[in-house]
Amino acid sequence: RPRVAAPTLSRVMIAVSEAGQFFFKDNEGRAYLQQARLFLETSMVRYAVEHATNAQIAKMVSAVEECDASLDDLAEFRHADVRFHRALAAVPGNPIFVALHETFVERLMKGQPIQDDSAAHNATSNAGHKAIMTAMLAKDADLAVQALTLHLTRNYESNFHLTLKSQMAEIS
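Criteria and cut-off values
- Residues numbered from 1 in each chain as written.
- Predicted model: local features only at pLDDT ≥ 70, side-chain atom pairs only at ≥ 80, totals over all residues.
- Heavy atoms only, no water.
- Helix = DSSP H or I, 4+ residues; strand = E, 2+ residues; numbered from the N terminus.
- Expected span 1.5 Å × (residues − 1).
- Buried < 20%, exposed > 50% of the residue type's maximum accessible area, 1.4 Å probe, protein only.
- Contact = heavy atoms within 4.5 Å.
- Salt bridge = Lys/Arg side-chain N within 4 Å of Asp/Glu carboxyl O.
- Core = buried A, V, L, I, M, F, W, Y, C linked by side-chain atoms within 4.5 Å.
- Axes fitted to C-alpha atoms, helices over the stretch in contact; angles between N-to-C directions.
- Parallel < 35°, antiparallel > 145°, perpendicular 65-115°, else oblique.
- Left-handed = near helix turned anticlockwise from the far one by under 90°.
- Nonpolar A, V, L, I, M, F, W, Y, C, P; charged D, E, K, R; others polar.
- pLDDT = per-residue confidence, 0-100.

(A) Local environment of helix α6 (residues 118–137). Taking 1.5 Å of rise per residue, 20 residues should cover 28 Å, and α6 covers 28 Å from first to last C-alpha, within 8% of that figure. Among the residues making up α6, those that are buried are S118, H121, N122, S125, N126, G128, H129, I132, M133, A135 and M136. Following α6 by one or two positions, K139 has its phi on the positive side, about 60°.

(B) Looking closely at the side chain of H101. Take H101: it is sitting in helix α5 (residues 95–109). In this view, H101 contacts R37, L40, E41, V82, H85, R86 and A89; residues no more than four positions away in its chain are not counted.

(C) Region of interest: the pattern of salt bridges. Under the criterion given, the structure shown has 5 salt bridges. Between R86 and E102 there is a salt bridge whose closest N-O contact spans 2.7 Å. Placement of the pair is R86 in helix α4 (residues 74–90) and E102 in helix α5, with a sequence separation of 16 residues. The exposure class of E102 is partly exposed, given its relative accessible area of 39%.

(D) Molecular detail of the nonpolar core. By size, the foremost hydrophobic cluster in this structure holds 28 residues, and its most contacted members are V45, M60, F84, I132, M133 and M136. Those elements that provide at least two residues to this core are α2 (27–51), α3 (54–69), α4, α5, α6 and α7 (141–171). Once you skip the residues sitting within four places of it in the chain, V45 turns out to touch L88, I132, M136, A144, V145 and L148.

(E) Inspection of the packing of α3 against α6 at higher detail. Axis separation between α3 and α6 bottoms out at 10 Å; the angle between their running directions is 155°. Taken together, the axis directions place α3 and α6 in an arrangement best described as roughly antiparallel. Crossing of α3 against α6: the hand is left-handed. When α3 is examined against α6, the residues I57, M60, V61, V64, C67 and D68 are found in contact with a partner set consisting of N126, H129, K130, M133, M136 and L137. Residues that form the contact of α3 with α6 fall into these classes: 8 nonpolar, 2 polar and 2 charged.

(F) Quick peek at the confidence of the model for the protein chain. In this model, the protein chain carries a mean pLDDT of 84, and residues with pLDDT of at least 70 account for 75%. Mean pLDDT values for the elements of the protein chain range from 64 in helix α1 (residues 9–20) up to 98 in α3.

Rendered as structure tokens:
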């Protein structure tokens, strides 16, 4: 028997994410999601430079350390990577930003191709996290935005190239 549940932000975002799978499943849709994620995260990192507490910064640093410790373990690295970006999304204290971030990550990471040399890719990715944190600690918002933009676009481009390589192999 069906039950009616009160809508919550979390339930609404889950429903939006589920509906989004029909609109954002191809490369163009994933590119739109990546663009939206970049727009949101660059705004959040600029905010975080000025407003992040020591505890919030410590969460991000811990996630970077977890990434370093799991370069060879793809599942653990991805978990730590998500923790880093989620901690950044949590800085403003707005649950909508966290819910949007989780929706982006779910859509963008699900089915993401595995790099040929995932440990090297993970090391490069975590170097991006370190550059972001270095800029944040220096209170340089422009540099933090630049580092985050490079980090996200580099990761997206490498995944796109891997997808193209896979599609070319299927054609051959």
